[in-house]
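Residue-level structural notes
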Amino acid sequence: MKGKMGIYDFHVHTTTTKILPLLRSAARAGISQMNILGDVLRFGYYPDVQQIRQINEETACLIKKYDFLKGFCFINPGLPVKEVLREIERCAMSGFAGIKLEASVNVRDSRLKPVMQAARNLKLIVLHHSWYKTTGKLPRESEPVDLAFLAGRFPDVPLVVAHLRGCGFRGIQDLKPFPHIYFDTSGGQPVSGILEYAVEHLGPERIVFGSDVYYPGGRDFAVQISCVQHAGIKEKEKRLILSLNAQRLMEKK
Amino acid sequence: MIIDFNVHWGHWPQALWRWKTLRSLVRELELLKISKALISSLDSVLYPDPVETDSLLLKKIKPFPLFLPAGTINPVISSWTEQLTEKKFVAYKLLPGYWSCSLKEKSVKKLFSALEQADRPVLLQMRLEDERSQIYPLQVEAPSVDNIIFLAKTFPGICLVILNAYYWEATRLARQDNIYVDLSFVEKFETLNSFLKEVPAEKIVFGSHTPFLYPAAALAKVRAGKPSVRKAIFSGNARRILPLD
């Protein structure tokens, strides 16, 4: 699993700290590095301070044990700001590389401001869930157009928007004007054509591979990787997406 | 040999697929060693008379022996009798969600009674797109799993192949003797191994749902299996179901 030349998976969740089967499966798929984002759905969309801490403690335990894993600190910006900032600082001190935001608060909410400021000060990457949904949209879920609003306010904070295939063609156009915004490739079924469109309109440098594997339940590394390997794009663009862009982004950090 | 049960061609709203021509699609399938593919017309899903659009599909695919045509049968349009009379198709496909058609309707019963004589498998497409990403004017509810099971029990002589079922739907449906499923919309951590804990390989056929999805993604799921499992899913089960001779 160790090594820097394999695939970098920017988007992995686990519900447990017993992850040997996950690591073996990733290694078989050619993944050598991954970001662990925590079990962000364990307590629903509005976890409290203790629950957030519990999730992040598990991530901390994993990144301490395996040096090829990077941790992202899961945050609910709807909690008291002091608690939110304390948790971000605590995670940064433990070597976390970024902040993971889900759907607790829409990004247009002013409570995102201290989170983004902390990301800037502590040099953390922000990875934010986003999707254009026809059905099943959560009350505070952020769409790409909301992320564009956030991107405009914080042009100096590197932001990775999760779920390229969920954001779709419209999401790509929404975020095209913001060069500091990246997409990860995950998002539902292995739909063809969206990655090709993103490479054409954003350039391959703004896309990182993300499987959204939710161990032990959801998504399959091999399936998610095949969406990049068999996309109608150039080989050098595939290398950028599968590995080099994530390496560069993490090094910048 | 790989036989794909789930390939489409035609126009579809909001689609910017990777393959712009039928020839480029054939090239991709051949590269991936898919040697036969059941293809149906997407135009037949929304066009008022599938007989016409299916005829166009038959003409288009003629130069490509890789394709085996699947005729689209809409039980609420009475021209379906023509589709059954001529043995041009190796299978018949239904998309009840797109026709607001309950599987308990009289017209469906009448159709299935006729299909019993047709000696062809029936492909039932649960959905074409993830409901979350369907466009607003084309939000479609999938047929009910209970109704499909009812239909399978009522017509035990018909082989039903369910395409694009989600994991929980596919595991329930595959318990019926005369129901097979594909894995195109089934995804879990280590998909195939998870699925095989609930469904035997003999009830799974290979379906890629191309061009909506990357066919390589469907192959990746099956290639994780043992050789005997791969053989059953890629072609063994299909040979039992399809009139390939």
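**Some words on the overall build of chain A**
Across its full length, chain A carries nine helices and nine strands. For 253 residues, the compact-globule formula gives about 18 Å, and the C-alpha radius of gyration of chain A, at 17 Å, lands near that figure. Taken over the C-alpha atoms alone, chain A extends approximately 45 × 40 × 35 Å along its principal axes. Residue burial in chain A is summarised as follows: out of 253 residues, 54% are buried. Across chain A, contacts joining residues at least 24 apart in sequence account for 75% of those joining residues at least 6 apart.

**Let's talk about the overall build of chain B**
Scanning chain B from N- to C-terminus turns up ten helices and seven strands. C-alpha atoms of chain B, sized along the principal axes, occupy 45 × 40 × 40 Å. Burial analysis of chain B (245 residues in total) assigns 50% to the buried set. The contacts in chain B between residues at least 6 apart in sequence include a share of 69% that link residues at least 24 apart.

**Considerations on helix H8 (residues 221–229) of chain A**
Residues three or four positions apart in an α-helix share a direction because the helix packs 3.6 residues into each turn. Among the nine residues that make up H8 of chain A, seven are buried, leaving the element largely enclosed by the rest of the structure. Restricting attention to buried positions, one finds in H8 of chain A the residues Phe 221, Ala 222, Val 223, Gln 224, Ile 225, Ser 226 and Cys 227 of chain A.

**Concerning the interface of chain A and chain B**
Opposite the 31 residues of chain A that make contact, chain B presents 26 residues. For the side of chain A that touches chain B, the elements supplying multiple residues, two or more each, are helix H6 (164–175), helix H7 (194–202), strand E9 (213–215) and H8 of chain A. In terms of residue count, H8 of chain A provides more of the side of chain A that touches chain B than any other element does, five residues in total. Partitioning the side of chain A that touches chain B into residue classes produces twelve nonpolar, 15 polar and four charged.

**A few points about the packing of H6 of chain A against H7 of chain A**
All names here are of chain A. Between H6 and H7, the shortest axis-to-axis distance is 9 Å and the interhelical angle comes to 45 degrees. When the axes of H6 and H7 are compared, the pair comes out oblique. As H6 packs across H7, the resulting crossing turns out to be left-handed. Contacts from Leu 164, Arg 165, Gly 168, Phe 169 and Ile 172 of H6 reach H7 at Ile 194, Leu 195, Tyr 197, Ala 198, His 201 and Leu 202. A per-class count over the contact of H6 with H7 returns eight nonpolar, two polar and one charged.

**Concerning the sheet that holds strand E4 (residues 98–101) of chain A**
Residues and elements named next belong to chain A. The nine strands lie next to each other as E8-E7-E6-E5-E4-E3-E2-E1-E9, forming an open sheet whose pairing is parallel. Because the sheet does not close on itself, it has two edges, and the strands there are strand E8 (207–208) and E9. Across four bridges, E4 lies against strand E5 (residues 125–128) in parallel orientation. When the bridges of E5 are listed, Ile 99 appears paired with Val 126.

**With respect to the packing of helix H3 (residues 81–93) of chain A against helix H4 (residues 112–122) of chain A**
Packed helices, taken two at a time, are described by their axes: the angle between them and the distance between them. Residues and elements named next belong to chain A. One can describe the packing of H3 onto H4 by two numbers: an axis separation of 10 Å at closest approach and a directional angle of 25 degrees. Taken together, the axis directions place H3 and H4 in an arrangement best described as roughly parallel. For the pair H3 and H4, the sense of crossing is right-handed. Packed against H3, whose contacting residues are Val 81, Val 84, Leu 85, Ile 88 and Ala 92, the element H4 presents Pro 114, Val 115, Ala 118 and Leu 122 at the interface. A class-by-class count of the residues in the contact of H3 with H4 yields nine nonpolar, no polar and no charged.

**Points about the confidence of the model for chain B**
Averaged over every residue, the pLDDT of chain B is 94; residues scoring 70 or more account for 100%. Overall fold confidence (pTM) sits at 0.94, and the ipTM for the predicted complex is 0.94.

**Things to note about the pairing of strand E2 (residues 31–36) of chain A**
Residue and element names in this part refer to chain A. Counting buried residues along E2, five of its six residues qualify, which places the element largely inside the surrounding structure. As paired strands, strand E1 (residues 7–14) and E2 are joined by four bridges and run parallel to one another. What sits directly across from Asp 9, in E2, is Met 34. Handedness of the crossover is the feature at issue here: the chain leaves E1, passes through helix H1 (residues 20–28), returns alongside E2, and the resulting connection is right-handed. Alignment of E2 against strand E3 (residues 69–74), held across three bridges, turns out to be parallel. Paired with Ile 36 across the two strands is Gly 71, which belongs to E3.

**Digging into the pairing of E5 of chain A**
Residues and elements named next belong to chain A. Residues Ile 125 and Leu 127 of E5 are buried on one face, and the alternating residues Val 126 and His 128, pointing to the opposite face, are buried as well. With respect to chirality, the unit in which E4 leads through H4 into the neighbouring parallel E5 is right-handed. Taken together, E5, helix H5 (residues 144–153) and strand E6 (residues 159–161) constitute a β-α-β crossover, and its handedness is right-handed.

**Examining the sheet that holds strand E7 (residues 179–181) of chain B**
All names here are of chain B. Read across the sheet, seven strands follow the order E1-E2-E3-E4-E5-E6-E7 without closing on themselves; strand pairing throughout is parallel. In this open sheet, the two edge strands, each paired with only one partner strand, are strand E1 (3–9) and E7. In this sheet, adjacent strand axes meet at a mean angle of 30 degrees when their direction is disregarded.

**Considering H6 of chain A**
Residue and element names in this part refer to chain A. Its twelve residues give H6 an end-to-end C-alpha distance of only 11 Å, which falls more than 12% under 16 Å, the value for a rise of 1.5 Å per residue. Burial analysis of H6 places nine of its twelve residues in the buried class, the great majority of the element. The inward-facing, buried residues of H6 abut H5, E6, strand E7 (181–184), H7 and E8.

**Thoughts on the nonpolar core**
In terms of nonpolar packing, the biggest core is built from 156 residues, with Ile 99, Val 126 and Val 161 of chain A together with Ile 162 of chain B touching the most fellow members. Residue contributions to this core peak at six residues, all from helix H9 (residues 215–223) of chain B. Not counting the four nearest positions on each side in its chain, Ile 99 of chain A is found in contact with Phe 72, Cys 73, Ile 75, Ile 88, Val 115, Ala 119, Leu 124 and Val 126 of chain A.

**Notes on unusual backbone geometry**
Most peptide bonds adopt trans geometry, and most residues besides glycine take a negative phi value. With an omega of 0 degrees, the peptide bond between Tyr 215 of chain A and Pro 216 of chain A qualifies as cis. Tracing the chain through its elements places Pro 216 of chain A in the loop between E9 and H8. With omega at 5 degrees, the peptide bond leading from Thr 210 of chain B into Pro 211 of chain B counts as cis. Along the chain, Pro 211 of chain B turns up in the loop between helix H8 (191–196) and H9. The backbone of Arg 219 of chain A sits at a positive phi, close to 65 degrees, despite the residue not being glycine. On the secondary structure map, Arg 219 of chain A appears in the loop between E9 and H8. For Arg 219 of chain A, a count of 22 C-beta atoms within 10 Å gives the class buried. In this model, Ser 100 of chain B sits at a positive phi of 45 degrees, which is unusual for a non-glycine residue. Turning to its location among the elements, Ser 100 of chain B is positioned in the loop between strand E4 (91–94) and helix H5 (106–118).

The rules behind the values
Per chain, residue numbering runs from 1 following the sequence as it is written. Chains carry letters and ligands carry numbers; both start at the beginning, A for chains and 1 for ligands, and go up in the order they are written. Predicted model: local features are reported for residues with pLDDT of at least 70 only, side-chain atom pairs are reported and counted for 80 or more only, and whole-chain, interface and lining totals are derived from all residues. Every helix listed is a DSSP run of H or I at least four residues long, and every strand listed is a run of E at least two residues long, numbered separately from the N terminus. As defined in this context, the radius of gyration uses C-alpha atoms, and a globule is described by 2.2 Å times the residue total to the power 0.38. Labels follow a simple rule on C-beta atoms placed from the backbone: if 20 or more others lie within 10 Å of a residue's own, it is buried; if 12 or fewer, it is exposed; otherwise it is partly exposed. A pair of residues counts as a contact when their C-beta atoms, built from backbone coordinates, are separated by no more than 7 Å. Gly falls in the polar group here, along with every residue not listed as nonpolar (Ala, Val, Leu, Ile, Met, Phe, Trp, Tyr, Cys, Pro) or charged (Asp, Glu, Lys, Arg). Note on method: axes are straight lines fitted to C-alpha atoms, helices fitted across the in-contact stretch only, with angles between N-to-C directions ranging 0 to 180 degrees. Each angle gets one of four labels, with under 35 degrees taken as roughly parallel, over 145 as roughly antiparallel, 65 to 115 as roughly perpendicular, and the rest as oblique. Whether a crossing is left-handed or right-handed is set by the direction in which the near helix is turned from the far one by less than a right angle, anticlockwise for left-handed and clockwise for right-handed. Pairing between strands is defined by DSSP: at least two bridges between the two strands are required. pLDDT gives the predictor's per-residue confidence on a scale running from 0 to 100. When the strands point away from the viewer and the connection leading from the first strand across the helix to the second strand turns clockwise, the crossover is called right-handed. Expected helix span is taken as 1.5 Å per residue step, with the number of steps being one fewer than the number of residues. In this usage, the nonpolar core is the set of buried Ala, Val, Leu, Ile, Met, Phe, Trp, Tyr and Cys residues whose C-beta atoms join them within 7 Å.

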